[in-house]
Amino acid sequence: MEKQLEKLALDGGKPARSKPLPPNYPGAVVMGEEEAAYAERVIRAQSPFRFYGANPLGAVDALEERMMQDLGVPYALGVTSCTAALVVALKALGIGYGDKVIVPAVTFLATPGAVVCANAVPVFADVDESLNLDPSALERVIDDEVKAIITVPILGNPCDMDPILAVARKHGIPVIEDVAQSLGTSYRGKPAGTLGELGVYSFQMNKILTAGEGGAVVTRDAKLYERAARYHDQGLVRPQLKERFGLQPNEETDAFVGQNYRMSEVTGAILVEQWNKLEGLIAAMKSSHRKLKRQLEERLPGIVFRSSPDEDGDIGSNLGLLLPTAEAAGRFMQAMAAENITAHTLYGGRPVYMVPQLFHQRTAEKDSFPFNAPFKNPIRYTEDMCPRAVDLIPRMVFVPISPLLTDEDLEEVTEGIVKVYRSLRLA
Ligand SMILES: *Cc1c(COP(=O)(O)O)cnc(C)c1O
């Protein structure tokens, strides 16, 4: 016999937890002596810049080497943010004014924002019940003005890359993987970010590893690396990078104008030490995620989880629960908050194209540039152009899984979710 239904904290019952869960900043919550020591060495060497100074320690180089080794790619480039990394990747591909780039309807503002920064315009493709890009939605939005596809594994769950890449290859369109939120995620055993032409990562506070800010670009293609390195550094490819990667560009004919998106040595130092902790963080999150999911499946036979094209590849930083309606999701989150368990929907419960500046194609430029390019098929956004995203985002609720969760925490989270599901008759 199940024990008697407990009263919701919302209705004056005892909360499932006496205090809130630890904050879900996986990298930041394990930041400590190691990061401090390496950053201190950089500062004491008076060499915070990667390419010259009294005695540069090569911290950014070391981060790039770790990424290349662990991700199994021949090129990695540290940059200032993932937004920068997206712009650099787009420019490496030569994308700009008059081009369209496919972006999933569910992503952070930075993905379409970087497309606009690159002077191209985003075209939005729908998602499936994984909340990631639906491979079968691609054909509907591809035309010959589309010059790249950006995939975004949301909150640690991989994208279905095989069918996505098949469509992309068929049309000869390159793929950028925006792995900002999902470092460590894999698809059929391969690291997310290494399956398309380029992969980009974030080291901002809210991501898996962090130095407060930071980003990286990876690729297998020498020419794309060279163009990325050039764009991120004022149109230069430094002799150090030419030598390290055996690059021999012709500066008369290959050079183009770039920007400054260089990573600082202080950032690099912190991230090398964060990288050393990545495996442990993912093991902890994965283990808690799987345990929580198993316990909920046993206790709540009707529960529906976020789907995944490869459950083994999910890093477990969040557990996605699909509620029957948006209204039920709202009641669930409210009841969970009273139980002292965080549960949230993403991005205000709306597709990214519904933010006013994107929806109305307002940029900082004159005449809506670059949306005013003379496209053969003009870009028009409508509220319901990605109906599955509209339906799914407001009812997909995420429970963050901190790497610090104990078995006792997991027990309390399970009890809280079970209590709320049963009281509200959600499964
Ligand atoms: C956070 C995020 C970015 C931007 O990363 P920054 O390092 O903050 O610029 C890009 N894409 C996605 C999907 C993100 O979640």
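Before reading on, note that the structure itself is shown above.
Report on the accompanying structure. Per chain, the residues get numbers from 1 upward, laid out in the order the sequence is written. With pLDDT at 70 or above as the cut-off, local features in this predicted model cover only qualifying residues; side-chain atom pairs require 80 or more to be listed or tallied, and sums for whole chains, interfaces and linings still use all residues. Only hydrogens and water are set aside when side-chain values are computed; all heavy atoms of the structure are taken into account.

Our next topic: the packing of aromatic side chains. For any pair of aromatic rings, the description consists of the separation of the ring centres together with the inter-plane angle of the planes. Only rings of Phe, Tyr and Trp enter the pairing, Trp through its six-membered ring, and a pair is recorded when the two centres are within 6.5 Å. The plane angle decides the type: under 30 degrees is stacked, over 60 is edge-to-face, the rest tilted. Applying the stated rule across the entire model yields 12 aromatic pairs. Taking the centre distance of 5.4 Å and the plane angle of 45° together, the rings of Y75 and F245 count as tilted. One end of the pair, Y75, is in strand β1 (residues 75-79); the other, F245, is in helix α9 (residues 239-245), and 170 residues separate them in sequence. You'll find Y75 and F245 in the same group, each marked buried. Note on F332 and Y421: the rings are 5.3 Å apart at their centroids and 75° apart in plane angle, and the pair reads as edge-to-face. Taken together, the positions of F332 in helix α13 (residues 326-338) and Y421 in helix α16 (residues 407-423) put the pair 89 residues apart, joining distant regions of the chain. Per residue, the accessibility class of F332 equals that of Y421, and both read buried. An aromatic cluster is present here, built from F124, Y353, F371 and Y381 joined pairwise through their rings. Only when the NZ atom of a Lys or the CZ atom of an Arg is both within 6 Å of the ring centre and within 35 degrees of the ring normal do we say a charge sits over the ring. Over the aromatic face of F108 sits the side chain of K207, whose NZ or CZ is 5.6 Å from the ring centroid. One residue, R230, lies across the ring of F256, its end atom 5.9 Å from the ring centre. Helix and strand assignments follow DSSP, with helices taken as H or I runs no shorter than four residues and strands as E runs no shorter than two, numbered in order from the N terminus. Throughout, exposure labels follow a simple rule: accessible area from a 1.4 Å probe, protein chains only, divided by the maximum for the residue type, with under 20% read as buried, over 50% as exposed, and the rest as partly exposed.

A word on the site of the ligand. When at least one non-hydrogen atom of a residue lies within 4 Å of a molecule or strand, that residue is treated as near it. In the neighbourhood of the ligand, 15 residues make up the surrounding shell, with C82, T83, D178, S202 and K207 lying closest. Whenever a nitrogen or oxygen atom comes within 3.5 Å of another N or O atom, the pair is scored as a polar contact, on the condition that within protein one atom can donate a hydrogen and the other can accept it, and that pairs from neighbouring residues in sequence are kept only if both atoms are in side chains. One of the backbone N or O atoms of C82 is found 2.8 Å from an oxygen atom in the ligand. Separating a nitrogen atom of the ligand from a side-chain N or O atom of D178 is a distance of 2.7 Å. Against a free-state accessible area of 380 Å², the protein chains account for coverage of 93% of the ligand. Where accessible areas are quoted, they stem from the Shrake-Rupley method and a 1.4 Å probe; at the residue level, only the protein chains shown are allowed to cover.

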